Amino acid sequence: MMSDHKTSNQMWGGRFASGPAAIMEAINASISFDRKLYAQDIRGSLAHSEMLAETGIISKADQEKIAHGLNTILKEIESGAFVFSTKLEDIHMNVEARLAELIGTAAGRLHTARSRNDQVALDFRLWVKDEFQRIAEALKGIIGVLLDRADEHAATVMPGFTHLQTAQPVTFGHHCMAYVEMFARDLSRVRDAIERMNESPLGAAALAGTGFPIDRHQTAKALGFREPTRNSLDSVSDRDYALEFLSIAAICATHLSRLAEEIVIWSTPQFAFVRLSDSFSTGSSIMPQKKNPDAAELVRAKTGRVNGHLVGLLTVMKGLPLTYSKDMQEDKEAVFDAAETLDLMLAAMTGMVGDMTVNEQAMKRAAGSGYSTATDLADWLVRTLGLPFREAHHVTGRAVALAEQKKVGLEKLSLDDLKAIHSDITDDIFSVLTVQNSVKSRKSFGGTAPAEVRRQIRYWKKRLAKA
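Residues numbered from 1 in each chain as written. Predicted model: local features only at pLDDT ≥ 70, side-chain atom pairs only at ≥ 80, totals over all residues. Heavy atoms only, no water.

Peer 1: Looking at this structure, how should I read the packing of aromatic side chains?
Peer 2: The geometry of an aromatic ring pair is captured by two quantities: the separation of the ring centres and the angle between the planes. Scanning the entire structure with this criterion turns up 10 aromatic pairs. Both rings, one in Phe161 and one in Phe271, keep their centres 6.2 Å apart while their planes meet at 50°; by these two values the pair is tilted. Linking Phe161 in strand β1 (residues 157-162) with Phe271 in the loop between α11 (240-266) and β5 (274-275), this pair joins segments that are 110 residues apart in sequence. Exposure remark for Phe161: the relative accessible area of 25% places this residue in the partly exposed category. Between Tyr459 and Trp460, the aromatic rings sit 5.2 Å apart at their centres with planes inclined by 80°, giving edge-to-face as the arrangement. Residue classification places Tyr459 among the partly exposed residues on the basis of a relative accessible area of 40%. Counting every residue linked through ring pairs, the aromatic cluster contains Phe124, Trp127, Tyr241 and Phe336. One cation-aromatic arrangement involves Arg134 over Trp127; the distance from NZ or CZ to the ring centre is 6.0 Å. Positioned above the aromatic ring of Phe124 is the side chain of Lys332, whose terminal nitrogen or guanidinium carbon lies 5.3 Å from the ring centre. (Phe/Tyr/Trp six-rings, centres within 6.5 Å; stacked < 30°, edge-to-face > 60°. Helix = DSSP H or I, 4+ residues; strand = E, 2+ residues; numbered from the N terminus. Buried < 20%, exposed > 50% of the residue type's maximum accessible area, 1.4 Å probe, protein only. Lys NZ or Arg CZ within 6 Å of the ring centre and 35° of its normal.)

So this is what it looks like as C-alpha cells:
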C-alpha cells in the first residue's frame, strides 16, 4: 500500500508535488509579471500618502517616513537589489511588506482609504497611459520616415494594384503616403484613447468608495489625470482602456503587416522594387544567392500574436459581473506582451523603410505593364471625343486586345491602328499613354500627381510637427 505522501505526489505531480498549497500559490500569484507596475505602484502610493497627510487622515511624520521608504524601494528595484516573493502574490504586497521592514508600523497607515482593487486599477491605467505615450512617439517616428521616402520619390513611377494585378500607374511617394494616412489614424486613436482613459480610479477603494474624508481630485491631479472617475463600481471593474490598447495595437499591427507583406513581395527577384539592407535581412543556410526579408516576415507574423491578445482579453471580460473578479489578473500579461511586440514591430519597420534601397528603374518598367494606361485612354475618349464612358470602355478594350495581339504596349500602337478602332482618334492620344503623363494627370485632391503628392507631404509634415 502506498503512503499518503506518495499518493499526494502522484496526485499532484511534477512541480506541484507538494499539493494544493503549491498549486494555489502558482495560480494566484501575479508577481512574475505585475512587477512591471512597480514604478506606477510607487507613484500612486506616494500621491495617496501625500493626500492622506493633507486631509489629516495620517500624520505628516508618518507620511514622510512612508515617502522615504517608498523612494528607497524604488531605488532597490531599479538597481536589482529588491527580492520579489511569490508568497506575497503581487507587486502591491511585495512593496508593502518591504515598506514595513524599512519603516515599521507607519507602513500600515499607507493602505488607509484604499483597496488593492483601486490600487491595481490605478497602476495598470498609469502603465497603459505611459505606454500609449511611448507608442505615440514611435508612430511619429515611422510617419516621419515615410514622409522622407515619399518626398524623395514623389515622382518615382510604379504600378498601382488592385487584386494584386497592375491597375494604374502611381508614384512610390503616393504609395508611401497611403501608409502615412494609416499610421496617422493610429496616432489619432492613441490620442483619443489617452483622453478617454485620463481619469483616476484611486479612492474608489474596494468597490463602494470610502468613509474617510479623502480628496480624490488632489490625487488625480498629482498623478497627471484630468479628473477622478465618477462611479466607484465602474472604477474597479473597468478594463476598457486595456481593451482599447489591444484594439489599437491590433489595428496598428495590421497596418504594419500590410506594409511588411508588400516589402516581402517587392524584395523578390521577380519584382525587385526594393532591396533590404543586411541589417533587416538574412542569408540562407544552404543557398548563398538568397537574401531573405526575415524582419518583414516576422512583423507580419507577430500581428497574429497581438490580435490573439485582443481576442483573449475580450473573452476574459465578456462574462464578468460588477465589480472586481480575480479573472482580471489575466489582463496584464496580454497587454504587456502586446506592448512589447508592437514596440519591436514599429522599430523594425521604421528601420526597414528608412534604409531600404528603391529600384526606380524596375518600378518604372513594371508601371507600364498590364496596359496600365488603359483607363487614361478611356478618359481621353470621354474628355476629347465626348464618348459616353461605357462606349469609351468598349473602344479601349478593343485597343488593349489589339496591343495584346501585337505584343506591344498601348503607347506602341500606331495612329492608324487606333483610327481603325475609332476614326475620330487623333495623335493627341499619345500624350496620355505614357506612365509619366498618366500620373501627372491625376491632379485631383489626394491623387497621385507628383505635385499633389508633394502638397500632401507638406500638409503632413506640418501636422507631425504639432503632434
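Peer 1: For this particular structure, what's the right way to read the environment of Phe336?
Peer 2: Within the secondary structure, Phe336 sits in helix α13 (residues 331-355). Accessibility expressed as a relative area gives 4% for Phe336, which makes it buried. In this structure, Phe336 is in contact with Phe33, Asp34, Lys36, Leu37, Phe124 and Trp127, ignoring residues within four places of it in sequence. (Contact = heavy atoms within 4.5 Å.)

Peer 1: Which parts of the structure should I look at to understand the pattern of salt bridges?
Peer 2: Summed over the entire model, instances satisfying the criterion amount to 26 salt bridges. Arg230 is the partner of Glu227 in a salt bridge, and the nearest nitrogen-oxygen pair spans 2.9 Å. The exposure class assigned to Glu227 is buried, which follows from its relative accessible area of 19%. On the basis of relative accessible area, Arg230 is assigned to the exposed category, the value being 72%. Beyond isolated ion pairs, a larger network of salt bridges with shared partners links Glu195, Glu199, Arg226, Glu227 and Arg230. (Salt bridge = Lys/Arg side-chain N within 4 Å of Asp/Glu carboxyl O.)

Remember that the coordinates give geometry; whether it matters functionally is a separate question.
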